[in-house]
Amino acid sequence: MMLNNLLQKMMGSKEEPRSSEVARKRLKLALVCDSLEVSDEVLSNLREDLLKVISSYFEIDRAGFSLDIDKTDDYSALVMNTPILSSLRR
């Protein structure tokens, strides 16, 4: 799915995801968070902390930032997508 999003951005496609796809993704994230016992507050705090740290090094598109948890039978993975607009000079 992420590769598809990357290809769409590279090709200039601004196609909005269907509401059913967004709802499915949100439900999947909620179920994974429940099984990992991760609260919405913890995810929200983590999101803000990550945005703060990354923003000290890069100018980023905050609206395009996404944070998800993918879970398989073998592992759980924190997946972050951060559109970088430019690096900050230090």
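Please refer to the structure higher up on the page.
All values reported here derive from a predicted model rather than from experimental measurement.

A. Spatial organisation of the overall build of the protein chain. Across its full length, the protein chain holds three helices and four strands. Its helices and strands taken in sequence order, the protein chain reads α-α-α-β-β-β-β from the N to the C terminus. Within the protein chain, buried positions represent 14% of all 90 residues. Expressed as a percentage of contacts within the protein chain between residues at least 6 apart in sequence, the contacts between residues at least 24 apart total 52%.

B. Just helix α3 (residues 40-55), in detail. Taking 1.5 Å per residue as the helical rise, α3 with its 16 residues ought to reach 22 Å, and the 22 Å between its terminal C-alpha atoms agrees with that figure. What α3 keeps buried is the set Leu-43, Leu-51 and Ile-54. Seen along its axis, α3 keeps its buried residues to an arc of 75°; they face one direction. Facing away from the buried side of α3 by more than 90 degrees, the exposed set consists of Glu-41, Lys-52 and Val-53.

Rules of the game
Residues numbered from 1 in each chain as written. Predicted model: local features only at pLDDT ≥ 70, side-chain atom pairs only at ≥ 80, totals over all residues. Heavy atoms only, no water. Helix = DSSP H or I, 4+ residues; strand = E, 2+ residues; numbered from the N terminus. Buried < 20%, exposed > 50% of the residue type's maximum accessible area, 1.4 Å probe, protein only. Contact = heavy atoms within 4.5 Å. Expected span 1.5 Å × (residues − 1). Arc of directions from axis to C-beta.

Interpretation in functional terms is not warranted from these geometric data alone.
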